[in-house]
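Secondary and tertiary structure notes
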Amino acid sequence: MTFIDFVINVIKPVNARTLLSKCSNVKTNQHDVILTNNAIFVNESVLESLVYDGFLISTDLSLSIEKSLLSEYECLVLPDCVMIKRNTGVLYCLNKVESDLVPVSQRIVPPPVETLDHPTAICLLAKELKGEREKFRYFELGIKDEKEKFRYLELGVRNSPVIDKMKLIATETHGVDINDCGKGKFDTFHQMTTDKYFEDSLFDDKFDMIFVDACHNIENVIKDFNNAFCSIRSGGIILLHDTYPHSEAYINPRLCSTAYQVGPHIRDKYAKKNLVTYVTLPFQPGLTVVRKT
Ligand SMILES: C[S@@+](CC[C@H](N)C(=O)[O-])C[C@H]1O[C@@H](n2cnc3c(N)ncnc32)[C@H](O)[C@@H]1O
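Residues numbered from 1 in each chain as written. Predicted model: local features only at pLDDT ≥ 70, side-chain atom pairs only at ≥ 80, totals over all residues.

**Overview of helix α7 (residues 218-231)**
- Over its 14 residues, α7 extends 20 Å from the first C-alpha to the last, a length consistent with the 20 Å expected when each residue adds 1.5 Å.
- In this structure, the buried side of α7 is in contact with β10 (151-155), α6 (194-200), β13 (207-212), β14 (232-241) and α8 (262-269). (Helix = DSSP H or I, 4+ residues; strand = E, 2+ residues; numbered from the N terminus. Expected span 1.5 Å × (residues − 1). Contact = placed C-beta atoms within 7 Å.)

Next comes the structure, spelled out in structure tokens:
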């Protein structure tokens, strides 16, 4: 299974061909993610069947796009797939108050809303990873009836909405934050900078999943990522939050800051050397999923 297959498996998008054969009224049949494995022609109907901020994943890199739509999408070319994100002149979004589609200029919720439910995405990935390891132990090693160990580390905690869900999956949880905000929530909480945490820690055992969400300045994100890479087991997942800000307004130090610049670093220093595979889910404010090979 390729890495993109793994991510797709978890987020379960709609298949583009099935969708195209069914969509008579695309506006009421919109999806967060559409997947295609075929060289489809991306036309208006395909783009309109995506929700605002939704995206299409094509594992066939030779897909073509209707010329008149060139200014209406953003295209991300990844090693094993292309992601197309709507970027239409007349933006539509889901108005959560009235549960209806309205032009952006008329919506009540100020743009852009956060469209990524990162706790759910992270916990789905954790469950998948843990299940994968349990299957491996059972079928390949013949070990059964033993609880699989799963070690989770969160860098930058604040009022983490991830930890309550993660506690049901992970067997050990560890948190790090400069503020006193994680006591009682994690099995161990370290009130210190992430730099100090990695300097002081001697890991006997590596982590299965690390969520990098502390200081969002690119220099710090790169340091945290490099340290996380050394502390994660092979096959484990590192997640980085706020890596796809919707607009320049979000590159504000109090919001996503410059964390989005971590993509080229991961690509050049790790992915090109086959040390990791990775993908950035382009939901506002973005989540980069990196798997150590
Ligand atoms: C965006 S919040 C974390 C949110 C949380 N992970 C979530 O899922 O909602 C960032 C946190 O990182 C902490 N932080 C900022 N710089 C840090 C650093 N250098 N070391 C450790 N924690 C840091 C802040 O105190 C803040 O609580």
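**Digging into the site of the ligand**
- In the vicinity of the ligand, 18 residues are found, and the nearest of them are Gly156, Arg158, Asp213, Ala214 and Cys215.
- Each residue belonging to the shell around the ligand can be placed in one class, and the counts come to 8 nonpolar, 6 polar and 4 charged. (Near = placed C-beta within 6 Å. Nonpolar A, V, L, I, M, F, W, Y, C, P; charged D, E, K, R; others polar.)

**Things to note about the packing of α7 against α8**
- Two elements in contact, α7 and α8, have axes separated by 10 Å at closest approach and are oriented at 35°. Of the two possible hands of crossing, α7 and α8 adopt the one that is right-handed. Between α7 and α8, the contacting residues are Ile218, Val221, Ile222 and Phe225 on the first element and Val262, His265 and Ile266 on the second. (Axes fitted to C-alpha atoms, helices over the stretch in contact; angles between N-to-C directions. Left-handed = near helix turned anticlockwise from the far one by under 90°.)

**Topic: the confidence of the model for the protein**
- For the protein, per-residue confidence averages 76 on the pLDDT scale, and residues scoring 70 or more make up 68% of the total.
- Overall, residues 16-27 carries pLDDT values under 50, and its contacts beyond four positions in sequence, including any with other chains, amount to 21 contacts.
- With pLDDT under 50 throughout, residues 88-112 is counted as low confidence; its partners more than four residues away or in other chains account for 28 contacts. (pLDDT = per-residue confidence, 0-100.)

**Quick notes on the nonpolar core**
- Counting residues in each nonpolar core, the largest one holds 44 residues, and the members touching the most others are Ala126, Ile210, Val212, Ile238, Leu239 and Val289.
- Among the secondary structure elements, those contributing two or more residues to this core are α4 (118-139), β10, β13, α7, β14, α8, β15 (276-281) and β16 (287-292).
- Ignoring any residue separated from it by four or fewer positions in sequence, one finds Ile238 in contact with Ile210, Val212, Phe225, Ala228, Phe229, Ile232 and Val290. (Core = buried A, V, L, I, M, F, W, Y, C linked by C-beta atoms within 7 Å. Buried ≥ 20, exposed ≤ 12 C-beta atoms within 10 Å, placed from the backbone.)

**Description of the environment of Glu148**
- As for its position among the elements, Glu148 is in the loop between α4 and β10.
- Between the C-alpha atom of Glu148 and that of Lys130, which follows or precedes it by 18 residues, the distance is 7.2 Å.
- Setting aside anything within four residues of it in sequence, one finds Glu148 in contact with Lys130, Arg133, Glu134 and Arg137.

**Considerations on α8**
- Restricting attention to buried positions, one finds in α8 the residues Val262, Gly263 and Ile266. Buried residues of α8, viewed axially, fall in a sector of 110°; they line one side. The exposed set on the far side of α8, more than 90 degrees from its buried face, consists of Pro264 and Asp268.
- Contact partners of the buried residues in α8: α7, β14, β15 and β16. (Arc of directions from axis to C-beta.)

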